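Chain by chain, the residues run as shown.
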Amino acid sequence: GSVLQLLAAGAAAAYLSRLHEQQALEHRARFEQFFSPELARALEDHAGLLLPADCEVTMLCCAIRNFGITAEQLGPRLAHDWVNDVMGTLFDCIRSHGGLVIDTWGDELFALWGAPVACSDHAARACTAVGEMFATQPRIERRWQRVLPGPLDFSAGIHTGTARMGNMGSLTRLKYGPLGAAVTDVRRTHRATQQLQTPVVVSAATAASLPASFCTRRLCRDEAVEQAEPLELHELSL
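Cut-off values and rules
- Residues numbered from 1 in each chain as written.
- Predicted model: local features only at pLDDT ≥ 70, side-chain atom pairs only at ≥ 80, totals over all residues.
- Heavy atoms only, no water.
- Helix = DSSP H or I, 4+ residues; strand = E, 2+ residues; numbered from the N terminus.
- Buried < 20%, exposed > 50% of the residue type's maximum accessible area, 1.4 Å probe, protein only.
- Areas by Shrake-Rupley, 256 points an atom, 1.4 Å probe, with all protein chains shown as cover.
- Axes fitted to C-alpha atoms, helices over the stretch in contact; angles between N-to-C directions.
- Parallel < 35°, antiparallel > 145°, perpendicular 65-115°, else oblique.
- Left-handed = near helix turned anticlockwise from the far one by under 90°.
- Contact = heavy atoms within 4.5 Å.
- Nonpolar A, V, L, I, M, F, W, Y, C, P; charged D, E, K, R; others polar.
- Phe/Tyr/Trp six-rings, centres within 6.5 Å; stacked < 30°, edge-to-face > 60°.
- Lys NZ or Arg CZ within 6 Å of the ring centre and 35° of its normal.
- Salt bridge = Lys/Arg side-chain N within 4 Å of Asp/Glu carboxyl O.

A. Quick peek at the overall build of the chain. Each helix and strand in the chain was counted, giving eight helices and eight strands. The buried share among the 238 residues of the chain stands at 41%. Carbon and sulfur atoms make up 54% of the accessible area of the chain, which totals about 13,000 Å².

B. Up close: the packing of helix α3 (residues 67–74) against helix α4 (residues 76–96). At a closest axis distance of 6 Å, the pairing of α3 and α4 adopts a crossing angle of 130°. Here α3 lies oblique to α4, going by the angle between them. You can see that α3 and α4 cross each other, and the crossing is right-handed. Mapping the contact onto sequence places F67, T70, A71 and L74 in α3 and L78, A79, W82 and V83 in α4. Residue composition of the contact of α3 with α4, grouped by class: seven nonpolar, one polar and no charged.

C. Looking closely at the packing of aromatic side chains. Inspection of the entire model under this criterion finds three aromatic pairs. Pairing W105 with F110 gives two aromatic rings, centres 6.3 Å apart and planes at 25°, and the pair type is stacked. Of the residues examined, W105 reaches a relative accessible area of 36% and is grouped as partly exposed. Assessed through its relative accessible area of 4%, F110 is described here as buried. Lying over the aromatic face of F110, R187 brings its terminal NZ or CZ to 5.5 Å of the ring centre.

D. Fine view of the pattern of salt bridges. Considering all chains together, one arrives at 12 salt bridges under this definition. Here E108 and R187 are joined by a salt bridge, their closest N and O atoms 3.9 Å apart. Of this pair, E108 sits in strand β3 (residues 108–113) while R187 sits in helix α7 (residues 181–196), and the two are 79 residues apart along the sequence. Residue classification places E108 among the buried residues on the basis of a relative accessible area of 19%.

If you want it as structure tokens, here you go:
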């Protein structure tokens, strides 16, 4: 009887251990779909970092210019492979500087720096990453030069401000991201790239947060009727 009880207890302990390991792996896999592997491991120990909080962050909107024309000429299969290649390359630039890719919409991506782990140089990290993103254009073009109808080009808008960060999804579907006026403002900076024919537009808040090694110049003030506050816009030299 006692031997059987010991065997049963051992089997139960082994089963619970395997179950715990499986649950931990599934938990980490959910994190790694969104965060870098290093940050995913940190969040396993400090999941409270994902609780709603007001954080100062630097956000980025980036898009492939003339995407519709290029995708139409490439056709569905090649366009799919091309976008995956471009976005994968841009993701690497963002993650190599500690950024998080929050979402993608076909030819556009949204990323941020400064949350869920705070850092004092999030504006500089974002602008450095953007410089590297634009530097990848020739390499991507060489990979696709036989089929691309024209040169590859990006546009990017960057804004620094306070956003309400947290999980906007569910316990099983992580959707970490920002809310607030700062999100609207980063979209305003990106929209201005088309209006001003400038590759990278940053807000005054971002420009003021950058060290002297970055070069910016004031462009104009965005006083959109639907927005309560005007937004000073600057060009970032790459």
